[in-house]
Amino acid sequence: MNQINFENIPLAPEQCVTGFGTTLIVAPHADDESLGCGGVISLLRKFGQTVYILLLSDGTLSHPNSREYPAEELRDLREKELLDAAEILGVPAENIIFCRYPDRNVPSINHEGFENAVKSISKMMAMIQPQSIFVPWRRDPHPDHRAAFQLIDASETANAKIYEYPIWLRELGQNGDEPTTDESMPFRLNISSVLAKKNEAVSQHRSQISGIISDDPEGFQLSQDMLDQFNVPYETFFISK
């Protein structure tokens, strides 16, 4: 992939979030909200903006062979980790929506459950009426991340502004996955004043970073290099054109 020089993307001041209004953060998995948007969430709450988090998947394939944490218990653990992270970022539990779509099988545009999922999400949008929506980059290299964008793109979002955030783009992106100037405008948000809070939120996702699930050696764990990518005083977003 042609490497994006993130450091050359224009840097916006933290105060710009005051124009975002009621904001919906779409997370394919519990931890995406903190990694990709922990800073913007914390800043939104700092400036008194309402934030909702929509968790799409049940997260049960991160450690599929664990006997200590079978699917339902792993789902409950990951949802609790999200609740703990959200509390640190200032988002109340009643503003978190759990869809529980199967991990790695969030309905995508060619999925038989796609239309029903779009209808469900559209009803939710009508209720909370977000003015800004944050969703993974449309070609972020994970099927659930791409499905997340497709769901939001097909849903009734009224006049909400769409901001796309990368998670796996730098780590796993192939040529053609990167944004083009025709489809989006990049910017970085200065999150230096809330970086410590973001890192504290990320640390709540212990099942994904610490090895607390010890009976599945093939289970997923975020590498330190991956965590370091997000431990920087800015977050990068692409505004859909």
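A quick note: this is a predicted structure, and the numbers were derived from the prediction, not measured.

## Points about the packing of aromatic side chains
At step 1: All chains considered together, the criterion is met by eight aromatic pairs.
At step 2: On the numbers, 5.4 Å between centres and 55 degrees between planes, the contact of W137 with F238 is tilted. Linking W137 in the loop between β5 (132-136) and α4 (143-154) with F238 in strand β8 (residues 234-240), this pair joins segments that are 101 residues apart in sequence. Both residues of the pair, W137 and F238, count as buried.
At step 3: Where W168 meets F220, the ring centres are 6.1 Å apart and the plane angle is 75 degrees; that geometry is what we call edge-to-face. One end of the pair, W168, is in the loop between β6 (161-165) and α5 (169-172); the other, F220, is in the loop between α7 (206-209) and α8 (224-230), with 52 residues separating them in the sequence.

## What about the packing of helix α2 (residues 71-89) against helix α6 (residues 195-203)?
At step 1: In the contact formed by α2 and α6, the axes pass within 8 Å of each other and the chain directions differ by 165 degrees. When the axis of α2 is compared with that of α6, the two are roughly antiparallel. When the axes of α2 and α6 are compared, the crossing they make is right-handed. Between α2 and α6, the contacting residues are A85, I88 and L89 on the first element and K197, K198, E200 and A201 on the second.
At step 2: In terms of residue class, the contact of α2 with α6 is made up of four nonpolar, no polar and three charged.

## Notes on the packing of helix α1 (residues 32-46) against α6
At step 1: One can describe the packing of α1 onto α6 by two numbers: an axis separation of 9 Å at closest approach and a directional angle of 135 degrees. Put simply, α1 runs oblique to α6. Here α1 and α6 pass one another in a crossing that is right-handed. When α1 is examined against α6, the residues S34, L35, G38, G39 and S42 are found in contact with a partner set consisting of K197, K198, A201 and V202.
At step 2: Tallied by class, the residues present in the contact of α1 with α6 amount to three nonpolar, four polar and two charged.

## What about the pairing of strand β7 (residues 184-190)?
The side chains of a regular strand alternate between both faces of the sheet.
At step 1: Across two bridges, strand β1 (residues 11-12) lies against β7 in parallel orientation. Residue pairing across strands places L11 opposite R188, the latter belonging to β7.
At step 2: Where β7 meets β8, seven bridges bridge the pair, whose relative direction is antiparallel. Pairing of S184 across the sheet is with S240, part of β8.

## Some remarks on the pattern of salt bridges
At step 1: Counting across every chain of the model gives 10 salt bridges.
At step 2: Between E183 and R139 there is a salt bridge, with its nearest N and O atoms 2.4 Å apart. Separated by 44 residues along the polypeptide, E183 in the loop between α5 and β7 and R139 in the loop between β5 and α4 bring together distant segments of the chain.
At step 3: Via salt bridges that share partners, R138, R139, E164 and E183 belong to a single interconnected network.

## A word on the nonpolar core
Most often, soluble globular proteins have nonpolar side chains that are buried together.
At step 1: Judged by nonpolar contacts, the single largest core of 40 residues is most densely connected at V40, I41 and F134.
At step 2: No other element matches the six residues that α1 contributes to this core.
At step 3: Once residues lying within four places of it in the same chain are set aside, the contact partners of I41 are I25, E33, V51, I53, L89 and V91.
At step 4: Within the second largest apolar cluster, 23 residues are counted, among which are I128, A147, I152 and A160.

The rules behind each value
- Residues numbered from 1 in each chain as written.
- Predicted model: local features only at pLDDT ≥ 70, side-chain atom pairs only at ≥ 80, totals over all residues.
- Heavy atoms only, no water.
- Phe/Tyr/Trp six-rings, centres within 6.5 Å; stacked < 30°, edge-to-face > 60°.
- Helix = DSSP H or I, 4+ residues; strand = E, 2+ residues; numbered from the N terminus.
- Buried < 20%, exposed > 50% of the residue type's maximum accessible area, 1.4 Å probe, protein only.
- Axes fitted to C-alpha atoms, helices over the stretch in contact; angles between N-to-C directions.
- Parallel < 35°, antiparallel > 145°, perpendicular 65-115°, else oblique.
- Left-handed = near helix turned anticlockwise from the far one by under 90°.
- Contact = heavy atoms within 4.5 Å.
- Nonpolar A, V, L, I, M, F, W, Y, C, P; charged D, E, K, R; others polar.
- Pairing = 2+ DSSP bridges.
- Salt bridge = Lys/Arg side-chain N within 4 Å of Asp/Glu carboxyl O.
- Core = buried A, V, L, I, M, F, W, Y, C linked by side-chain atoms within 4.5 Å.

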